[in-house]
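# Secondary and tertiary structure notes
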Amino acid sequence: MGDGVPSGRGGAGAAPGGNAYRSNESLLAVVRRYAPGIQFCYDNELRKKPGLRGKLVVAMVVLANGSVSEATIVEDTLNSPAVRDCALAQIRGWQFPAIASGVTSFKTPFVFTPPSQ
């Protein structure tokens, strides 16, 4: 699986001394921390469908408290409902660093390729 690279803008507004937004680097760090769970979803389905490959692009909305309020697939070339549903269930439980106020919306891709034989 390739690294997810978040794209998008963080939420605005903050109390003095508080973080006003989440940087792409902080978003990517969280995606990487939780990536093994997404890989688990893919690996389970790969056992049933050898050669399964493709990409999922997930759009997320993260609240100020760091919880994921929304996660939707905006691109799917993997065409695997099992991986898609498993990945969304995982992502909805992710926790990002809290910020003072606002929401963060971004998209991140997950690229899946079977191991070389």
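Structure first, text after, so check above.
Residues numbered from 1 in each chain as written. Predicted model: local features only at pLDDT ≥ 70, side-chain atom pairs only at ≥ 80, totals over all residues. Heavy atoms only, no water.

### Side note on the pairing of strand β3 (residues 68-76)
Examined bridge by bridge, strand β2 (residues 54-62) and β3 share seven bridges and lie antiparallel to one another. What sits directly across from Val61, in β3, is Glu70. Between β2 and β3, which pair antiparallel and follow one another directly, the connecting turn spans five residues, one of which, Gly66, has a positive phi of 100 degrees. (Pairing = 2+ DSSP bridges. Helix = DSSP H or I, 4+ residues; strand = E, 2+ residues; numbered from the N terminus.)

### Brief notes about the state of the cysteines
A covalent bond between the sulfur atoms of two cysteines is what we call a disulfide. Tallied over the full model, the rule gives one disulfide. The disulfide partner of Cys41 is Cys86, and the S-S distance across this bridge is 2.0 Å. One disulfide, between Cys41 and Cys86, carries an S-S torsion of -70 degrees and so falls in the left-handed class. Taken together, the positions of Cys41 in helix α1 (residues 24-48) and Cys86 in helix α2 (residues 81-91) put the pair 45 residues apart, joining distant regions of the chain. (Disulfide = S-S within 2.5 Å.)

### Examining the environment of Tyr42
With respect to the secondary-structure elements, Tyr42 resides in helix α1. Under the relative-accessibility criterion, Tyr42 is labelled buried at 2%. The sequence separation of Tyr42 and Pro114 amounts to 72 residues, and the corresponding C-alpha distance is 9.3 Å. When sequence neighbours within four positions are dropped, the list of residues in contact with Tyr42 reads Leu52, Arg53, Leu78, Val83, Phe112, Thr113 and Pro114. (Buried < 20%, exposed > 50% of the residue type's maximum accessible area, 1.4 Å probe, protein only. Contact = heavy atoms within 4.5 Å.)

### What about the pairing of strand β4 (residues 104-112)?
In β4, alternate side chains face the same way, and those of Thr104, Phe106, Thr108, Phe110 and Phe112 are buried while those of Ser105, Lys107, Pro109 and Val111 on the opposite face are not. Pairing between β2 and β4: nine bridges, direction antiparallel. Following the sheet pairing, Val61 is matched in β4 by Ser105.

### A few points about α2
Of all the positions in α2, only Val83, Ala87, Leu88 and Ile91 are classed as buried. Along the long axis of α2, the arc covered by the buried residues comes to 125 degrees, so they all point the same way. Relative to its buried face, α2 has exposed residues pointing more than 90 degrees away, namely Asp85 and Ala89. Among the structural elements, α1, β2, β3 and β4 are those in contact with the buried residues of α2. (Arc of directions from axis to C-beta.)

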